[in-house]
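Below, each chain spelled out in residue letters.
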Amino acid sequence: MLELLLVPFLACLVLTGIHVYLGLHVLARGVIFVDLALAQLAALGISVAVLAGHRIQSDAAYWYALAFTVGGSAVFALSRWHRARVPQEAIIGIVYAVSAAVAVLVVDRAPQGSEYIKQLLVGSILTVTPRDVGVVAALYAALGALHWLIRRPLLQISLDPTGARARGRFVAAWDFVFYTSFGLVVTSSVRLAGVLMVFSYLIVPAVVGALLARGVLPRLLIGWGLGVITSVLGIVAAWTWDLPPGATIVTAFGVALALVAVALGAFHLAWRVRDEGVRALGSAIVAGGASLAVIGVLLATFPAMDQPWFAALERAAPATMLLFLDADEREEYAESRQAVIEGEADLIHMREMQDDVQWGRRTLSADVQERLRQYIAGRTELVTGDRLVLQTLRAKARERQRYRVGVPLVLVGVGAMAAGFRLGRRS
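Overview of the structure.

### Overview of the environment of Leu390
Point 1. Here Leu390 shows up in helix α17 (residues 366–404).
Point 2. Residue Leu390 is classed as buried on the basis of its relative accessible area of 10%.
Point 3. Spatially, the C-alpha atoms of Leu390 and Val340 are 9.4 Å apart, while their sequence positions differ by 50 residues.
Point 4. Setting aside anything within four residues of it in sequence, one finds Leu390 in contact with Tyr333, Ser336, Arg337 and Val340.

Below, the structure written as structure tokens:
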């Protein structure tokens, strides 16, 4: 396992090193989606190369992508200083939308176009080679050294654009240097990891750093630490649960950002409670009451729709649903639930055996392999049928819950909101 995950992890470290620094510039400039637009331009260039008969990982595809990206960099550098009538964000959005649409049109003419789109979006980080990582690391090291040498004008333009322009810092020329080097990084990263991972490595660590620190260096250190930790967790999760690694890492970044936001909110609320007492909880009580009221209204009005909160409660305590089933339905529920548990455990064991055969860890004859495949297919259908039974019973329970549970939830929620508003006025 370590041998297979080491190279992808090193690739993630390389992405973290350069993208966190560039993300600080992007966040300071307020052009949050410029990297997404440049990444989409790179993807468009690769799509054109594929249509011309080149492979995604070929040198020709790289130069196609770089040409498109440099063109976009020139447009963004010029549009930054002509914002009187059209904001730069509008230009960025237009470039992204048009390049994405053209990429779809181009790939539609290529064989296996959907697979190309998927690879361009989420990449294939598990298939990178040591040579790929070495080449990209050397390129990023050179660009990092360049940015270190010209850090003063670039940071001043990012952090104080008005002052930089007033001092005559050749802002358009420096912007072109920044966006071109940025485009070079994005072009290389898209081939390595895909559009979504590039965006996540660039923006999420920079946002977390901005939330937790003020200076450039502390933000860099926080961003680098978050990038390393999230990369490890994302790769391990993808390997453990057999998930697409690119999408898993992007999701891990989203979860990390959500946890930081919740922790900061809780910390801020705790300080307010310490200073103001229980009155500071007014807004939190209003939010909780509103959530209960909405859940109750949805349950009473649309009992057949998905109810995630009740589903989580029923998984934790199945008795909450069984209360609304009769004796025969409870017996059927228990049998179907046990069948699903046993069937899923059996399928996990059989699929592990199938994976062992596929990766050469176990040898089975062709006849036995075919029987194993048929058994897995049949067992999957049985488990799907048992799940359908559980869904039907859950729908019956929801219909009986709609007023007996929904109306009290609405009343409790409205009461909590009234109490919260009262506390808020006192505060």
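### Overview of the packing of helix α10 (residues 195–212) against helix α11 (residues 216–241)
Point 1. Viewed as axis vectors pointing N to C, α10 and α11 meet at an angle of 130 degrees, and their least axial separation amounts to 8 Å. In terms of their interaxial angle, α10 and α11 are classed as oblique. α10 and α11 meet at a crossing whose hand is right-handed. Contact residues: Tyr201, Val204, Pro205, Val208, Gly209, Ala210 and Leu212 in α10; Arg219, Ile222, Gly223, Leu226, Gly227 and Ser231 in α11.
Point 2. For the contact of α10 with α11, a count of residues per class yields eight nonpolar, four polar and one charged.

### Remarks on the side chain of Thr230
Point 1. By the element assignment, Thr230 lies in helix α11.
Point 2. A distance of 2.8 Å separates the side chain of Thr230 from the backbone oxygen of Leu226, its partner in a polar contact.
Point 3. Residue contacts for Thr230: discarding those within four places in its chain leaves Ile249, Ala252, Phe253 and Ala256.

### Thoughts on a nonpolar patch on the surface
Point 1. Residues Ile94, Val98 and Val102 make up a contiguous nonpolar surface patch of about 240 Å² in total accessible area.
Point 2. Following the sequence through the fold, Val102 ends up in helix α4 (residues 88–108).

### Examining the packing of aromatic side chains
Point 1. Evaluated as defined, the whole model comprises five aromatic pairs.
Point 2. Measuring from centroid to centroid gives 5.3 Å for Phe178 and Tyr179, while their planes differ by 70 degrees, and the two rings are edge-to-face. Taken individually, Phe178 and Tyr179 each receive the classification buried, so the pair is uniform in this respect.
Point 3. An angle of 75 degrees between the planes, with centres 4.8 Å apart, marks the rings of Tyr201 and Phe253 as edge-to-face. Linking Tyr201 in helix α10 with Phe253 in helix α12 (residues 245–276), this pair joins segments that are 52 residues apart in sequence. Comparing Tyr201 with Phe253, the two get one shared label, buried.
Point 4. Taken together, the ring pairs connect Phe178, Tyr179 and Phe182 into an aromatic cluster.

Procedures and definitions
- Residues numbered from 1 in each chain as written.
- Predicted model: local features only at pLDDT ≥ 70, side-chain atom pairs only at ≥ 80, totals over all residues.
- Heavy atoms only, no water.
- Helix = DSSP H or I, 4+ residues; strand = E, 2+ residues; numbered from the N terminus.
- Buried < 20%, exposed > 50% of the residue type's maximum accessible area, 1.4 Å probe, protein only.
- Contact = heavy atoms within 4.5 Å.
- Axes fitted to C-alpha atoms, helices over the stretch in contact; angles between N-to-C directions.
- Parallel < 35°, antiparallel > 145°, perpendicular 65-115°, else oblique.
- Left-handed = near helix turned anticlockwise from the far one by under 90°.
- Nonpolar A, V, L, I, M, F, W, Y, C, P; charged D, E, K, R; others polar.
- Polar contact = N/O pair within 3.5 Å; in protein donor to acceptor, adjacent residues only side chain to side chain.
- Patch = residues over 30% accessible without salt bridge, like charges linked within 9 Å, V, L, I, M, F, W, Y side chains within 5 Å.
- Areas by Shrake-Rupley, 256 points an atom, 1.4 Å probe, with all protein chains shown as cover.
- Salt bridge = Lys/Arg side-chain N within 4 Å of Asp/Glu carboxyl O.
- Phe/Tyr/Trp six-rings, centres within 6.5 Å; stacked < 30°, edge-to-face > 60°.

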